[in-house]
Each structure stands twice: as C-alpha cells, then as structure tokens.
Amino acid sequence: MSFVEASWPDYAGPLGSQLLDHGTVFTVWSPSAAAVTLRLFDTSDPKDSPSATVALERAQDGAWQHRSAERLAGTYYDYMLTFPASAVSNVPSDAIIDAAEGTVTIRTADPWAKASGVNGERSMVVDLDSTNPDGWLSDRSPDIPASQTVIWETHVGDFSNDPHGGFPKGHRGKFLAFTDAHTTLDNQPGGFPTGIAYLKRLGVTHVQIMPFYDYGSVDEATGSPYNWGYDPVAYDVPEGSYSTDPYDGAVRIRECKAMIAALHRAGIRVIMDVVYNHMYENDNEFERMAPGYFCRRDDTGGFANGSGCGNDMASERPMFSRFIVDSLVYWAREYHVDGFRFDLMGLLDTQTLNRARKELDKLPGGESILMYGEPWSADKTNAEPSFTLADKQGRKLLDARIGWFCDESRDSIKGNVMLERKPGYVNGQPSEFAELVRHALNGWRGTEAQGKQVGQIIQYVSAHDDLTLWDKLCLTMRDDPAHADYDATGDVQDILAANAIAAGLVLTSAGLPFMLSGEEFTRTKYGCDNSFDRSAELNWLDWGRASRLSSLIEWYRTLIAVRKAHPDFYDGRRVALDSPEGVIAAQVGDGLAVCANPTTNGVTVGLPQNTADAARHWAVIADSTDVAAGCSADGRAQVAGGTELSVPARTFVVVALQ
C-alpha cells in the first residue's frame, strides 16, 4: 500500500507505552493492520518465551490500544501485527505468511518506545522517574551566550577508549566516563588532564556527541564492532553498548542522564547528533508497523535512497513529522539535552524543522536550545513535491535560529573535502582563496551563503566526516606523507603553522565555531577519510598525543578565551584592511583586528587610527608563532608606531585596543 494509494488517518493521541499510577496503556498506530497482538516478557533475552499475550483493540484514526490494570514497569514487550498480504509490498524474511487466509504476520518492537532491552529486540515499559541519577532534579544547563559558544564534537567511545586516558576500565567507551571528573594521562597524580578535566581547561562550551540513541551496527551484548552509530533502530532510547548493563533497559537511561549532568556540572552544554533522515535497515520498526508509510518510495515503488544508506524517512508525512517533533521535545525535556545536530538535514523538510523550533521554544529555557545540521544529502530523494527540503536551496526558509554547517568556509580555508590533494587558503593557495576567506570571516554576510543572522553559520574546518584537518594538511603539504608527518613527530612546523592559522580563522569568524575533538592536537586517522567502521584504536582520542602537542592546544585555549572575552567576534562587522596579496586583515567591530598570513614572507599591515580614545593603543593579544617555533625567521608579531602591525610568515595574529 503506497502513500499515494492509501488514505492514511492522522492520530493525535499518545503512542507507545504509558505508565499510569494504577495501570499501563499500550498504543500503536497501524491503520492497515487487521489484528495486533501484544506479547509481554519477563526479560529482554530474545530466547525467552512470552509470559502473556493480549489482543489490542481498534481505537480511532488507525490506532490500536490495550489498557492493563497492572502497573507493568520493567516489563518487556513486542507486537505481532497481521496484515492483508496486499498491504505489505516488502515482506520481512521472518514474517509468517498464511497463503490460505491471504495474510502476513510481522513481529516488531515498539518504534514509539522510551526503553528497550539488549539490541532493541524488545521494548520495555519504563518508570522514567526511577531512572533519574542522584541530583537529577536539580540539574541545570549552564547559561552560555551565543557570543561565547564553542562546539567540540566527540563520540562516546572515542572520548575514553584510549587505555592511557586514566578512565576506570569499566567506564571506558561508556556514558559513565564523562562522570570521571579528575582523570589524567596514565593516572599520574597532577599529570596531563584528560576527559572532562581536559575539556574544562580547553574552554569549550558545548560538546556535540555523535549518535547515542539506540543504533543497530554494534552488538550491545559485546560492544563490538566499533561504529559511529549513524544506524538508528530506536530513536527515543539510549544506545545500550554505552551502558554497563545493556540487558536492563533502565540502566542505559540512568547512565545517559548521568553523562549529561556531569557535563552540565563542568559548565558544558550537550548537543545530540540526531539521524531522522534514515534508519539502519529498510526493514525497520516503523516500516513493520505501517508498511509503505514511513519510508519514501521512488517512482518505481522501491525505497528512495537520498541518504545513501538504503532508505529515506518521510519527514513530510504527518505521523513521522509529528514523531520527529515529539522526539526532539522528549530528549530536551527528559534528558536535558541542550541542542540538536541534524545529520543530512537536506533530507528533512523545512516545515517540520520550523515546527520543532517552535515546540522547543515552549520548554523552560527552550529558546537557548541549538538546532543546526548538514544542508545537503548523499543523493536525490523523493519527498512530496509540496514540501521544501532543508538543503542549500531551501535553507533560507528555515527559522532564523536553525543553522547549518558552512562548507563554503571549510573548503575555502583548507581545500575541497572531495579532492584530497586540493589545497585551500592556509595550505598552499592563499591568493586564490583570500577573497572567499574574507567572506567566511564576516559570516558570509552580503553573499548568497548568508543566513538571516550570523548565528545560523556553523564555522568549521573539521568534523567526523572526511579527513581530519591534520590529515588534509599532510596530504596537501607533502607529496607523500610519511608516518612521521601524520604522527607530528617529524619536521612539521609548516603544517603546524597552517593548522594554527585555520584555527585562528574559525575561532575569530562571525557565527558559531565548531571543531572535531582532537583537531587541537593534530588528530590523525592516517589519511582515512571515513573511519565509521574502522577500529576503535584508529578513532579514539590519543591522550598521549594531546600531552605531546600541548603548544597547539595552548593556541586553541588562547583563541577560545579571546573569543569569549570579545562578543564582536560573534557578530561584529568585519572591515577589510589593506594587506599584501594572499594576506587577510580585517577590523572586527570597533576595537579588534585580525591578520592571517599564510605566505612565506613577513608582512606589515596598517591598523586604523584610534581617534576616539588617545589613551588606548593597539596591542597583540594572540600570536600563533609559538605553535610552530622556527617556522618563521621574523620573530613575533608586534605593533610599531601605534598602527604598523608586523606579521611574521605563516602566522595568525589578533590585536585589540587596550
């Protein structure tokens, strides 16, 4: 039954399992089903038989419901749905086919569930109040203005898998590693800080965490193999492999909340990476519940595949649009999540995203919740034509507080991500890209790439996708990068200088700065541009490397502190200053200026005369020359004669009136 052929009713009531004071209600939406049976289990072990079965009754608008007088907290369950054979165009391999009756019976977990057992095989009725860690009711998100926001992206496993990170063995790769507040490299007393202690010292304000909903590419029972997690199975359930007990559906919830509370105590807000554009398999819980509705189809009746992952979820259809909005509000309200990063946002419709923005705004403090995503897709999809997708063509229809990753900035600063050997402004072609980088510095205002306000622009040069910044620099600044280049143990002063300039540009540009975790200590994957299913070791944060590359970390710390101290970096106007070819210099607001010199020659740039306050003079407040000692023979940046700024080769400088 296709979306076009069917008349699908919209159901407005609660879905999933609702635990009441004196009972439990089970509700699903399956308009084309002929019968629905609820199966109850004592455990989440897929081998166990049901302890009870009960038939659901038809409710209104395609819903089915069962009301139990028992309070079934901790009970596991799934459903058996029977459809007319004509309603199921893609029959699951484990379906029960009754040719004589002309029916197909399909088993599924509950796509609206808030808890599940191991590997999502069965859903679980949960008492959410009982999952609150100590102090949860007093948990509060730190108050961080947009002008101070700096986003740092990581993966739950990458954060703590390194055995030298000082995390308790039972916490490595788990939510609970974020609760270890005082870890050091190799557990050395007073040693180099790792984990939360490191983040506090670095100064970032937001941690974007790669998918931590329940995903299907890792066996929760074993925690292997490694995967990034862009494989949704249950959107509203935390991933079990990140918990200390994946068989107990309550444990993952409690430990996920503990992670978020720990970050809040550290003064850091939490952004959740969400993947509403596709699911792990074409044969997913939504498709089993209402065949033909939740996934887009192409013109031949097959699954649309704009995600490149086999299927596209139909965000424009009322019941999935509602699900997305409800899911976002649920994570914000129940888990105190402070923001959402939308994977392949170009596959989602702008109407749903704008409605989500309005609903999040209604929550206490909801207007501070960030929303941004990727304004592209992997390929063409087949959305209903009356809806606009949130890609580059449709992004201007987004609410002014829904942003996007700015690949225009990324590619002009370091070179096109699709062309590994193509350099950008900082790594070999300053003259070619200088004008574009000037626009990047100004948040692309006055160009086609601008937003309704600068806060929509996510400025970045590295993320989990594609090459790390360091690997891109190695591949564009060396003919044949050696391990010593990737390891930053050889003669890499010029690469370090380029890294420092890239960081300077991102962290002083208008908009919201973002970085991949470890960018600040030359994170490498040895040229691998898509490590989603490679080894944990290739992906984890190397805390020993961080200790060794402390000079670059100090540069990032300085830039972050300078940005926090000067709100003009967020939205102040940039006015270009005269500078030699390939060199960028700009006044920022009234009392700041920046200069990027990726060339091999020292230069002099004239700063504006300060006529308003003769007691204030231009002074250097950030200078990248210490990052790559010996890269320039020109010494340090300095201001002479009040307005003459000398900038050494391969250097980024920030000056301020003081």
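In what follows, the structure referred to is the one given above.
Parameters and conventions
Residues numbered from 1 in each chain as written. Predicted model: local features only at pLDDT ≥ 70, side-chain atom pairs only at ≥ 80, totals over all residues. Heavy atoms only, no water. Pairing = 2+ DSSP bridges. Helix = DSSP H or I, 4+ residues; strand = E, 2+ residues; numbered from the N terminus. Axes fitted to C-alpha atoms, helices over the stretch in contact; angles between N-to-C directions. 1 Å grid on protein atoms, 1.4 Å probe; cavity = no way out; pocket = protein on both sides within 12 Å on 5 of 7 lines; lining within 4 Å. Points joined across faces, edges and corners; volume = space filled by probe spheres on them. Nonpolar A, V, L, I, M, F, W, Y, C, P; charged D, E, K, R; others polar. Buried < 20%, exposed > 50% of the residue type's maximum accessible area, 1.4 Å probe, protein only. Core = buried A, V, L, I, M, F, W, Y, C linked by side-chain atoms within 4.5 Å. Contact = heavy atoms within 4.5 Å.

### Comments concerning the sheet that holds strand 27 (residues 644–647)
Working step 1: Ordered by their spatial adjacency, three strands build an open sheet running 24-27-26, and the pairing between neighbours is antiparallel. The outermost strands of the open sheet, each flanked by one partner alone, are strand 24 (603–606) and strand 26 (638–640). When the angles between neighbouring strand axes are averaged without regard to direction, this sheet yields 30 degrees.
Working step 2: Both strand 24 and strand 27 contribute to a ladder of four bridges, which runs antiparallel. Pairing of Val 605 across the sheet is with Leu 645, part of strand 27.

### Here we look at the layout of surface pockets
Working step 1: In this model, the largest pocket occupies a volume close to 850 Å³.
Working step 2: Together, 37 residues line the largest pocket, and Asp 343, Leu 344, Glu 374, Trp 376 and Asp 465 are the ones closest to its centre.
Working step 3: Top element by residues in the lining of the largest pocket is helix 7 (residues 407–414). It accounts for four residues.
Working step 4: When the residues that make up the lining of the largest pocket are grouped by side-chain class, the tally is 15 nonpolar, nine polar and 13 charged.

### Let's talk about unusual backbone geometry
Working step 1: The peptide bond linking Ser 224 to Pro 225 adopts the cis configuration, its omega dihedral lying at -5 degrees.
Working step 2: Assignment of secondary structure puts Pro 225 in the loop between strand 13 (213–215) and strand 14 (232–238).
Working step 3: Residue Asp 186 is not a glycine yet carries a positive backbone phi of 55 degrees.
Working step 4: Relative to the elements of secondary structure, Asp 186 occurs in the loop between helix 1 (156–160) and helix 2 (195–202).
Working step 5: Overall, Asp 186 belongs to the partly exposed group, its relative accessible area being 39%.
Working step 6: Positioned with a positive phi, Tyr 526 is a non-glycine residue whose angle comes to about 55 degrees.
Working step 7: Tracing the sequence through the fold places Tyr 526 in the loop between strand 20 (512–516) and helix 12 (536–539).

### Brief notes about the nonpolar core
One recurring pattern in soluble globular proteins: nonpolar side chains tend to sit buried together.
Working step 1: Grouped together as the largest cluster of nonpolar side chains are 168 residues, with contacts concentrated most on Trp 331 and Phe 340.
Working step 2: Once residues lying within four places of it in the same chain are set aside, the contact partners of Trp 331 are Phe 212, Tyr 213, Tyr 235, Asp 236, Val 237, Pro 238, Cys 256, Met 272, Tyr 276, His 336, Val 337 and Phe 340.
Working step 3: In this structure, Ala 593, Val 603, Val 605 and Ala 637 belong to the second largest nonpolar core, which totals 15 residues.

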